[in-house]
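Reading the structure
Each chain is listed here by its residues.
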Amino acid sequence: MHREEIMKVLPHRDSMLLLDDVENKDGVALGHYTVRGDEFFLQGHFPNRPIVPGVILCEILAQSACVLLQDAMKQGELPVYTGLDHVRFRAPVLPGDTVETQCRIKRAKPPFYFGEGTVMVDGRLCVSAEFSFAITGA
């Protein structure tokens, strides 16, 4: 699914929608985002040497995983982060890089969902993490 379709699942808009496309392939969310270089989070992080902040990379993971939760969400419900565990930042993500995410839901105890995922650039592991969500009421 592309941005217009993603916006039917996620409430994020404008500068906080951090996916160009995502698909659910046999229970694995595969997402992409190309860092343009003009994003708000690169302004000042860091001057003359922009690096995508780790928290933004975790947000990209979360947005990717939400495609796996779309069938569990009713109209008006929101998936919100409830936890991040075992997060490891292994390589920087820079302007011009295309981020590839892979996420899966490991277990569910509605309204809570527990997953894991990675962020890669050109086959290089940049981030790995475990995370959890709650689907909040309409």
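Presented here is a report on the structure given in the accompanying data block. (Residues numbered from 1 in each chain as written. Predicted model: local features only at pLDDT ≥ 70, side-chain atom pairs only at ≥ 80, totals over all residues. Heavy atoms only, no water.)

A tally of regular secondary structure across the chain gives two helices and six strands. From first element to last, N terminus to C terminus, the chain shows the α and β order α-β-β-α-β-β-β-β. The dimensions of the chain, computed from C-alpha atoms along their principal axes, are 45 × 30 × 25 Å. Burial status across the chain gives 41% buried among its 138 residues. (Helix = DSSP H or I, 4+ residues; strand = E, 2+ residues; numbered from the N terminus. Buried < 20%, exposed > 50% of the residue type's maximum accessible area, 1.4 Å probe, protein only.)

The next subject is helix 2 (residues 54-65). A rise of 1.5 Å per residue sets the reference length of helix 2, with its 12 residues, at 16 Å; its end C-alpha atoms lie 17 Å apart and thus fit the reference within 8%. In terms of burial, helix 2 is a largely internal element, 10 of the 12 residues being buried. By the burial criterion, the buried members of helix 2 are Ile 56, Leu 57, Cys 58, Glu 59, Ile 60, Leu 61, Ala 62, Gln 63, Ser 64 and Ala 65. Buried residues in helix 2 make contact with strand 1 (21-25), strand 2 (28-34), strand 3 (78-89), strand 4 (98-109), strand 5 (112-121) and strand 6 (124-136). (Expected span 1.5 Å × (residues − 1). Contact = heavy atoms within 4.5 Å.)

For the rest of this paragraph, the subject is the pattern of salt bridges. Side chains that differ in sign of charge can pair as their charged atoms come close. Under the criterion given, the structure shown has five salt bridges. Asp 38 is paired through a salt bridge with Arg 36; the nearest N and O atoms lie 2.9 Å apart. Here Arg 36 ties to Glu 39 by a salt bridge, and the two come within 3.7 Å at their closest N and O atoms. Classification of Arg 36 as exposed rests on a relative accessible area of 56%. What makes Glu 39 buried here is its relative accessible area of 4%. One continuous salt-bridge network, built from bridges that share partners, spans Arg 36, Asp 38 and Glu 39. (Salt bridge = Lys/Arg side-chain N within 4 Å of Asp/Glu carboxyl O.)

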